[in-house]
Amino acid sequence: MAVPISYNIRNVRQRWQVTLLAIVGIAMVVAVFTVIMSMSEGFRLALRATGRDDNAIIVQRGSASELTSGVPLDQRNQIIVDDRVARGADGQPLASWDWVIVISAPKVTDGQPTNVTFRAVPPRAYEVRGGIEVVEGRKYTPGLDEVIVGRRLTDRIQGMHLGGTVKYQKKEFKIVGIFTNDGGAFESEIWGDYDVIGALFQRGPGSNSLVVRMKDPQDIPALDRWIRDQPQMQLQALSERKYYADQAGPTAGALKGLASLVAIIMGIGAVFGAMNTMYAIVAARTREIGTLRALGFSRTSILLSFMMESVFLAVIAGVLGCLLAFPMNGFSTGTGQTQSFSEIAFAFQITPPILTIGMLFAVVMGVVGGLLPAWRGARMPITTALREA
Amino acid sequence: MSAQLHPVARTADALVDVRNVVKTYKRDTQELTVLNGISLQVPEGEFVALMGPSGSGKTTLLNLVAGIDRPTSGQVIVAGTDVAKLSESELARWRSRSVGFIFQFYNLIPVLSAVENVELPLLLTSLGKRERRDRALTALKVVGLADRSSHYPRQLSGGQEQRVAIARAIVADPKVLVADEPTGDLDSRSAEEILALMETLNREFKKTIVMVTHDPRAADRAHTQHHLEKGVLAG
Ligand SMILES: Nc1ncnc2c1ncn2[C@@H]1O[C@H](COP(=O)(O)OP(=O)(O)OP(=O)(O)O)[C@@H](O)[C@H]1O
Ligand SMILES: [Mg+2]
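Reading the values: the criteria
Residues numbered from 1 in each chain as written. Chains lettered and ligands numbered in written order. Predicted model: local features only at pLDDT ≥ 70, side-chain atom pairs only at ≥ 80, totals over all residues. Heavy atoms only, no water. Pairing = 2+ DSSP bridges. Helix = DSSP H or I, 4+ residues; strand = E, 2+ residues; numbered from the N terminus. Contact = heavy atoms within 4.5 Å. Buried area = accessible area lost by both parts, 1.4 Å probe. Salt bridge = Lys/Arg side-chain N within 4 Å of Asp/Glu carboxyl O. Polar contact = N/O pair within 3.5 Å; in protein donor to acceptor, adjacent residues only side chain to side chain. Core = buried A, V, L, I, M, F, W, Y, C linked by side-chain atoms within 4.5 Å. Buried < 20%, exposed > 50% of the residue type's maximum accessible area, 1.4 Å probe, protein only. Patch = residues over 30% accessible without salt bridge, like charges linked within 9 Å, V, L, I, M, F, W, Y side chains within 5 Å. Areas by Shrake-Rupley, 256 points an atom, 1.4 Å probe, with all protein chains shown as cover. Near = heavy atom within 4 Å. Nonpolar A, V, L, I, M, F, W, Y, C, P; charged D, E, K, R; others polar. Axes fitted to C-alpha atoms, helices over the stretch in contact; angles between N-to-C directions. Parallel < 35°, antiparallel > 145°, perpendicular 65-115°, else oblique. Left-handed = near helix turned anticlockwise from the far one by under 90°.

Student: Looking at this structure, I do not really get the sheet that holds strand β6 (residues 99-102) of chain B. What am I missing?
Tutor: Sheet strands pair by backbone hydrogen bonding; their relative direction is either parallel or antiparallel. Residues and elements named next belong to chain B. Strand order in the open sheet formed by 6 strands is β6-β7-β8-β3-β9-β10, with mixed pairing between adjacent strands. Looking along the sheet, the strands with just one partner apiece sit at the ends: β6 and β10 (232-233). With 5 bridges connecting them, strand β7 (residues 176-180) and strand β8 (residues 208-212) associate as parallel partners. If you follow Ala-179 over to β8, its bridge partner there is Met-211.

Structure below.
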């Protein structure tokens, strides 16, 4: 027969201060763990959707980002007429060439300036780049001082709303549309007309990068080899999707690494914290354990009783931790993207797997925290247990 | 069932039969012989007091009789069962049926009410909920605390706590009661009540009682007194 559950329930209730301490400790860990995981997940999502597999991006060899790359006009014209490049319904090559600059704009939260990517694209960009959709307003009109802004900017940067303006070099651009990019990195950018804004950037007739739609994505390496064989070209061709993934790679990787590191450190700390609390809870009951065993209760039933108690506490703590973390779900924020010096906004994504992992985490802490001290109490000679204070 | 596992011939009609028991504790490299060849027979229905100076081994001997400790050598046979031969779990079951414990500091579970404390040993039986509660209340009636059944230990006086503990000790109807200084923490009036209660249990309920005590007045209530001196029985 088992130790009655009422024994555990009463213990939890009557020693509510220690109980609360244990619960809050574990809940905090689960909350932080969940938030970090969701941050990592949101970041992954934000970067995943950027670029298409069947697009090749042509940038300067050795350049770390689009910002420091240059594609001269004559070389661009040579590349886009390549046989491997797909053509649109109008028979023209499906190609987009962008100037990219970084402007400074005030954040909504504290008014502090942050970097935002301003991209000048030809009208073809809508067709070439994948997943661009204007969800509010309309596309910019070529030749006019109009821009569209990514949706993630709207709640992060001041003035980024339909009808607002973007200032650059004393010039004002009217925001005529808000666009999405399947959650991709372009959602954190401002897009304007290549001819209007490109001229303003004063970079001449080339572009920072060139993106072409491939007839067959398998041909990207071949295109790359061909480009590298042209002595005048200091360029290379890569898969567009891979390029943007690599751009964000170190940050995403670092964030994930950080998440695991913080989680591990906090986990260890919390396990010790929880164990300490549980240890104190059980140690205070060592004589009770001795008494129960003298009366004939088995070690197993006593161990089970204490395990149940600590797992029960851990589950409550886990749920509490998830609830604490939940307001962060969908919360948008940005992180300095190292290579391009501009912010990529991303939303915290609390997914069911993350919640599951958080709960598991809590239960493991409860089991580890409760088992060891209960084990000690059930293992020691009854006579010793009875003599403890 | 375990009682039948290791049947042993009883000497005369001794319910508790301690034969040549040696108990040594190892502390680091030192060996401490606490009981040095003790033999003691307690007939059924007896009320025995174990006396002796502090550290003479009284508690050690009582723990052996109660089956919460094992002798280094020798035999402890209680109600026909050689305690040392039982496995850990057999011993636990045996205790739950055969021994009632009365501790100096009562050892009640603080979060359980009086009646719940008394009911604890019955959780190890096959009795139903209703039956358990009835028996626990009956045991409380025997110790005169029927009106305190829903009180928690902290709401009871020391004497009352010890009476609840005694109710817990008798509720499963064991043959032997072991008591380690049951009045050691009580004032003389409460001690008197507890001793009177134990006498009643011995006389009317035929409980065999082995009691360790320092108190000569308590020992006087017993039929027999044994004196331990440095691990051996003296008179
Ligand atoms: N688990 C143990 N490990 C080592 N030594 C022990 C242990 N239990 C008891 N002893 C020693 O055995 C001796 C006898 O202890 P015991 O508790 O039986 O004495 P006692 O007669 O009950 O004394 P008191 O009247 O003070 O309760 C003491 O010297 C004690 O230190
Ligand atoms: Mg003692």
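From this point on, the discussion continues.
Student: I tried to follow the interface of chain A and chain B on my own but got confused; where do I start?
Tutor: Contact with chain A, which involves 21 residues of that partner, is made by 25 residues of chain B. Together, the buried faces of chain A and chain B total about 2,100 Å²; carbon and sulfur atoms form 64% of this surface. Across the contact surface, chain A and chain B share 2 salt bridges. Ionic pairing is found between Glu-116 of chain B and Arg-10 of chain A, a salt bridge with its closest N-O pair at 2.5 Å. The tally of links from chain A across to chain B stands at 6 residue pairs in polar contact (both at pLDDT 80 or more). Of all the elements in the fold, those that place two or more residues in the side of chain A that touches chain B are α1 (5-14), α9 (286-295) and α12 (382-387) of chain A.

Student: Whenever I open this one, the nonpolar core confuses me. Can you help?
Tutor: As a rule of thumb, soluble globular proteins bury nonpolar side chains together. Counting 40 residues, the largest nonpolar core has Phe-118, Val-166, Phe-173, Ile-190, Leu-210 and Val-212 of chain A as its most contacted members. When residues in this core are grouped by element, the largest group, 6 residues, is from strand β2 (residues 95-106) of chain A. Ignoring any residue separated from it by four or fewer positions in sequence, one finds Val-212 of chain A in contact with Asp-54, Asn-55, Ala-56, Ile-58, Ile-80, Val-85, Leu-94, Ala-95 and Leu-223 of chain A. Within the second largest apolar cluster, 37 residues are counted, among which are Leu-145, Val-164, Ile-166 and Ala-179 of chain B.

Student: Help me understand the environment of Trp-191 of chain A in this model?
Tutor: Residue and element names in this part refer to chain A. Relative to the helices and strands, Trp-191 is located in strand β8 (residues 189-193). The buried category is assigned to Trp-191, whose relative accessible area is 0%. Sequence spacing of Trp-191 and Lys-139 is 52 residues, and the spatial spacing of their C-alpha atoms is 9.7 Å. Beyond its immediate chain neighbours, meaning those up to four positions away, Trp-191 contacts Phe-118, Arg-119, Val-121, Ala-125, Arg-129, Ile-132, Tyr-140, Val-147, Ile-148, Phe-179 and Phe-186.

Student: Would you mind going over α9 of chain A with me for this structure?
Tutor: Residues spaced three or four apart along an α-helix face the same direction, because each turn holds 3.6 residues. Of all the 10 residues making up α9 of chain A, 9 are buried; the element is thus mostly covered by neighbouring parts of the structure. Where α9 of chain A ends, the next residue or the one after it, Gly-296 of chain A, has phi of about 115°, a positive value.

Student: Would you take a moment to explain a nonpolar patch on the surface for this structure?
Tutor: Residue and element names in this part refer to chain A. Nonpolar side chains collect at one region of the surface, where Trp-16, Leu-20, Val-24, Met-28, Leu-320 and Leu-324 lie side by side and expose about 570 Å² of accessible area between them. Counting residues per element, the nonpolar patch draws most heavily on helix α2 (residues 16-48), which supplies 4 residues. When you line up the elements, Leu-324 lands in helix α10 (residues 299-325). For Leu-324, a relative accessible area of 46% corresponds to the partly exposed category.

Student: How should I be thinking about the pattern of salt bridges in this particular structure?
Tutor: Two side chains carrying opposite charge are able to pair once their charged atoms lie near each other. With the rule as written, the count across this model stands at 34 salt bridges over all chains. In this structure, Asp-173 of chain B engages Lys-207 of chain B in a salt bridge whose closest nitrogen and oxygen atoms are separated by 2.5 Å. Taken together, the residues Asp-173 of chain B in the loop between α6 (158-170) and β7 and Lys-207 of chain B in the loop between α7 (188-204) and β8 connect sequence positions 34 residues apart. The exposure class assigned to Asp-173 of chain B is exposed, which follows from its relative accessible area of 56%. A relative accessible area of 6% places Lys-207 of chain B in the buried class. By sharing partners, the salt bridges in this structure join Glu-66, Asp-98, Arg-119, Arg-129, Glu-189 and Glu-240 of chain A into a single network.

Student: I tried to follow the site of ligand 1 on my own but got confused; where do I start?
Tutor: Lining the immediate environment of ligand 1, one finds 15 residues, of which Ser-54, Gly-55, Lys-58, Thr-59 and Thr-60 of chain B sit closest. More than a single chain frames ligand 1: its nearby residues are located in chains A and B. At 2.8 Å, a backbone N or O of Gly-55 of chain B approaches an oxygen atom of ligand 1. Contact with the protein chains removes 72% of the 630 Å² of surface that ligand 1 exposes when unbound. Elements with a minimum of two residues in the shell around ligand 1: β1 (14-27), β2 (30-43) and α2 (58-66) of chain B. With 3 residues, α2 of chain B is the largest single contributor of residues to the shell around ligand 1. Tallied by class, the residues present in the shell around ligand 1 amount to 4 nonpolar, 7 polar and 4 charged.

Student: I would appreciate a short explanation of the environment of Glu-46 of chain B in the present structure.
Tutor: Residue and element names in this part refer to chain B. You can see Glu-46 is positioned in the loop between β2 and β3 (47-51). For Glu-46, a relative accessible area of 16% corresponds to the buried category. Here the alpha-carbon distance between Glu-46 and Ile-209, two residues 163 residues apart in the chain, equals 6.3 Å. Discounting chain neighbours no more than four positions away, the residues touching Glu-46 are Asn-202, Lys-207, Thr-208, Ile-209, His-223 and Thr-224. Within the local environment of Glu-46, its side chain forms a polar contact with the side chain of Thr-224, the two groups lying 2.7 Å apart.

Student: Mind showing me how you'd approach the packing of α1 of chain A against α10 of chain A here?
Tutor: Packed helix pairs are specified by the crossing angle of their axes together with the interaxial distance, meaning the distance between the axes. All names here are of chain A. In contact at an axis separation of 10 Å, α1 and α10 are set at 45° when each is read in the N-to-C sense. The angle between the axes of α1 and α10 places the two elements in the oblique class. Judged by the twist between their axes, the crossing of α1 over α10 is right-handed. Between α1 and α10, the contacting residues are Ile-5, Tyr-7, Asn-8, Asn-11 and Val-12 on the first element and Ser-305, Phe-306, Met-308, Glu-309 and Leu-313 on the second. Looking at side-chain class alone, the contact of α1 with α10 contains 6 nonpolar, 3 polar and 1 charged residues.

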